[in-house]
Amino acid sequence: MLSDFFSKIAHLFIGKSPTAVTKKKAVDLHNQADRWTSQGKYTLAIEAYKQCVELYKELIGEDKVLIAKLYNQLGLCHDNLGHYVEALNCFNQALEIYRRTWGEQHAFVTVIYKNIGLVYYHQSDFEKALEMYNKALEVGSLRLNRDDLKLLTVYSNIGLILNSLGKFDEAIQNYEKALNGYLKAFGEKHPDVATEYNNIGLIYDNQGKFEQAYQHYMKAIEIYIETVGESHPSVATTYNNLGTLLTDNKEYDKAETYFTKSLEIYTKKLGEVHPKVARLYTNIGLLEKNRGRYKEALRYFVKSLSIRVKLLPRNHCDLANTHDCFASVIDLFGKLDTALNGYQKAQIIRRKHVSNKFENNVSLRVKILLQNVDKNREETKFFGSASHFALSDV
């Protein structure tokens, strides 16, 4: 286990001079933090890791590899909670220690570059994310075997970026490299194997290949439940993906079942205010919109937007998606000014991230709305002022 590895390193550096009580407390806290991380209890894990950092600094000093490893673990927990500034800070502290200790070309430097890239990916800064992943591959290829686990995670994360950019064939190639490596290293019953099945399912989902996507999602869930338990956030993520797939296939009742399961896990493990909860609310909103329940759809889009505005950068793709979803429902109610505002906010963000074809479709709808809004304003001047629109009116 990772915690056992840390424990051995801790005892190596600690030596005989510090008190046995402090040693034991540090190691016990470290093991507990690792358990909480594996269970998806990231808030508890963060507090335990922070205490570990202070105890180990007292025991072995600040500029040690073990401290860097703890900063890396802290960064991962913060990233999972959507605390992206804190995550980058932790990863950069780890990177500086590794560089001073081992230089730039070391396997653990590869890990940190990969983790920094993941944070940029979660912020929709795909250019910086790819830059970090390429650095990770550059460093890793000098020191590591092509099937080394550290490189496999880089391939998987590059797949995430390529999927987001719509380069599905390239994405699936990277996912399959990672999957084959994990199968070789662990066999089928391992969480990393489940993650790659989930990721490949996403590609098939995006390509409209329902059966292949469904099979990969179900395989991922089966492995996750067996290896990390049924209440882990990774299970919730795949439930969410299944719900979206079933919504697209017009199997709305089944989709609702999986969304409900996902929401229960996310809110219990990650809290109410989290990017993954916001994404789920958006997906439930789309389900309700497809059912024709527009008031319910609007309620979920507003919940999603309120979370995303708090947590995400202003130019994040997920904010564009929620603005667009919100506007599409308001548009149906004939609230043209409010719909136009939402579409324009989405359009501004998407200009940085998506293809011209999609942007042209959005621009066309904005142009139509602008014409209709101008027409309505002229009618309002003649017939009298329009009533103010509020969400509660819809």
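Keep in mind it's a predicted model, so treat the numbers as computed, not measured. (Residues numbered from 1 in each chain as written. Predicted model: local features only at pLDDT ≥ 70, side-chain atom pairs only at ≥ 80, totals over all residues. Heavy atoms only, no water.)

Thoughts on the overall build of the chain
When you go through the chain residue by residue, the secondary structure sums to 18 helices and zero strands. Residue burial in the chain is summarised as follows: out of 394 residues, 50% are buried. (Helix = DSSP H or I, 4+ residues; strand = E, 2+ residues; numbered from the N terminus. Buried < 20%, exposed > 50% of the residue type's maximum accessible area, 1.4 Å probe, protein only.)

What to know about the packing of aromatic side chains
Counted according to the given criterion, the structure contains nine aromatic pairs. Note on Tyr281 and Tyr300: the rings are 5.9 Å apart at their centroids and 35° apart in plane angle, and the pair reads as tilted. Highlighted residues: Tyr281 in helix H14 (residues 275–291) and Tyr300 in helix H15 (residues 294–311), separated in sequence by 19 residues. The exposure classification of Tyr281 matches that of Tyr300, with both residues buried. Chaining the aromatic ring pairs together yields one cluster made of Tyr98, Trp102 and Phe108. (Phe/Tyr/Trp six-rings, centres within 6.5 Å; stacked < 30°, edge-to-face > 60°.)

Digging into the packing of helix H8 (residues 149–164) against helix H10 (residues 191–206)
Following both chains from N to C, one finds H8 and H10 inclined at 15°, their axes separated by 11 Å at the closest point. Taken together, H8 and H10 sit at an angle that is classed as roughly parallel. In terms of crossing hand, the pair formed by H8 and H10 is left-handed. Every residue of H10 that contacts H8 at Ser156, Leu160 and Asn163 is listed here: Glu196, Asn199, Leu202, Ile203 and Asn206. Tallied by class, the residues present in the contact of H8 with H10 amount to three nonpolar, four polar and one charged. (Axes fitted to C-alpha atoms, helices over the stretch in contact; angles between N-to-C directions. Parallel < 35°, antiparallel > 145°, perpendicular 65-115°, else oblique. Left-handed = near helix turned anticlockwise from the far one by under 90°. Contact = heavy atoms within 4.5 Å. Nonpolar A, V, L, I, M, F, W, Y, C, P; charged D, E, K, R; others polar.)

Considering the nonpolar core
A general tendency of soluble globular proteins is for nonpolar side chains to be buried together. Ranked by internal contacts, the top residues of the largest apolar core, which has 97 residues, are Tyr56, Ile116, Tyr121 and Tyr133. Ranked by residues supplied to this core, first place goes to helix H3 (residues 42–60) with 11 residues. Beyond its immediate sequence surroundings of up to four residues, Tyr133 is in contact with Lys114, Gly117, Leu118, Tyr121, Val154, Asn157, Ile158 and Ile161. One finds Ala297, Leu298, Cys325 and Ala339 within the second-largest nonpolar core, a separate group that totals 10 residues. (Core = buried A, V, L, I, M, F, W, Y, C linked by side-chain atoms within 4.5 Å.)

Describing a nonpolar patch on the surface
Together, Tyr294, Leu332 and Phe333 make up an exposed nonpolar region whose accessible area comes to about 260 Å². The residue Leu332 is located in helix H16 (residues 317–332) in this model. (Patch = residues over 30% accessible without salt bridge, like charges linked within 9 Å, V, L, I, M, F, W, Y side chains within 5 Å. Areas by Shrake-Rupley, 256 points an atom, 1.4 Å probe, with all protein chains shown as cover. Salt bridge = Lys/Arg side-chain N within 4 Å of Asp/Glu carboxyl O.)

A closer look at the pattern of salt bridges
Applying the stated criterion to the full structure yields 14 salt bridges. Measuring nitrogen to oxygen at the nearest pair gives 2.9 Å for the salt bridge that ties Asp253 to Arg291. Within this pair, whereas Asp253 is found in helix H13 (residues 252–269), its partner Arg291 is found in helix H14, the two being separated by 38 residues in sequence. Glu288 is paired through a salt bridge with Arg291; the nearest N and O atoms lie 3.7 Å apart. With Glu288 and Arg291 both in helix H14 and three residues apart, the pair spans about one turn of that helix. Grouping residues by exposure puts Glu288 and Arg291 together as buried. A cluster of three or more residues bridged by salt bridges with shared partners is formed by Asp253, Glu256, Glu288, Arg291 and Arg293.

Section: helix H2 (residues 20–38)
Between its terminal C-alpha atoms H2 stretches 27 Å, which fits the 27 Å expected from 19 residues at 1.5 Å a residue. Burial in H2 covers these residues: Thr22, Lys23, Ala26, Val27, Leu29, His30, Asn31, Ala33, Asp34 and Thr37. (Expected span 1.5 Å × (residues − 1).)

Looking at unusual backbone geometry
Positioned with a positive phi, Ser124 is a non-glycine residue whose angle comes to about 65°. Among the structural elements, Ser124 can be located in the loop between helix H6 (107–122) and helix H7 (126–143). Non-glycine residue Lys250 carries a positive phi angle of around 65°.

Here we look at the environment of Asn163
Mapping Asn163 onto the fold places it in helix H8. Setting aside residues no more than four positions away along its own chain, Asn163 makes contact with Phe168, Ala171, Tyr175, Leu202, Ile203 and Asn206. Separated by 2.7 Å, the side chains of Asn163 and Asn206 make a polar contact. (Polar contact = N/O pair within 3.5 Å; in protein donor to acceptor, adjacent residues only side chain to side chain.)

A word on the packing of H10 against helix H11 (residues 210–228)
Contact pair H10 / H11: the axes reach a minimum separation of 8 Å and the direction vectors enclose 160°. As far as their axial angle goes, H11 and H10 are roughly antiparallel. Read as a crossing pair, H10 and H11 show a hand that is left-handed. Contacts between H10 and H11 involve Pro191, Val193, Ala194, Thr195, Tyr197, Asn198, Ile200, Gly201, Leu202, Tyr204 and Asp205 on the former and, on the latter, Gln212, Ala213, His216, Tyr217, Lys219, Ala220, Ile223, Tyr224, Thr227 and Val228. Tallied by class, residues from the contact of H10 with H11 come to 13 nonpolar, six polar and two charged.

Details of helix H17 (residues 336–350)
The end-to-end C-alpha separation of H17 is 21 Å, in line with the 21 Å expected for 15 residues at 1.5 Å each. Among the residues making up H17, those that are buried are Leu336, Ala339, Leu340, Gly342, Tyr343, Ala346, Gln347, Ile349 and Arg350.

Topic: the environment of Asn80
Structurally, Asn80 can be placed in helix H4 (residues 65–80). Distance from Asn80 to Val119, taken between C-alpha atoms, is 9.3 Å for residues 39 residues apart in sequence. When sequence neighbours within four positions are dropped, the list of residues in contact with Asn80 reads Tyr42, Leu270, His274 and Lys276.

Side note on the confidence of the model for the chain
Detailed reading of the predicted model is not advised wherever pLDDT is low. Summing up the model confidence of the chain, the mean pLDDT is 82 and the portion of residues at 70 or higher is 82%. In the predicted structure, residues 373–394 sits below a pLDDT of 50 and forms 19 contacts with residues beyond four places in sequence or in another chain. (pLDDT = per-residue confidence, 0-100.)

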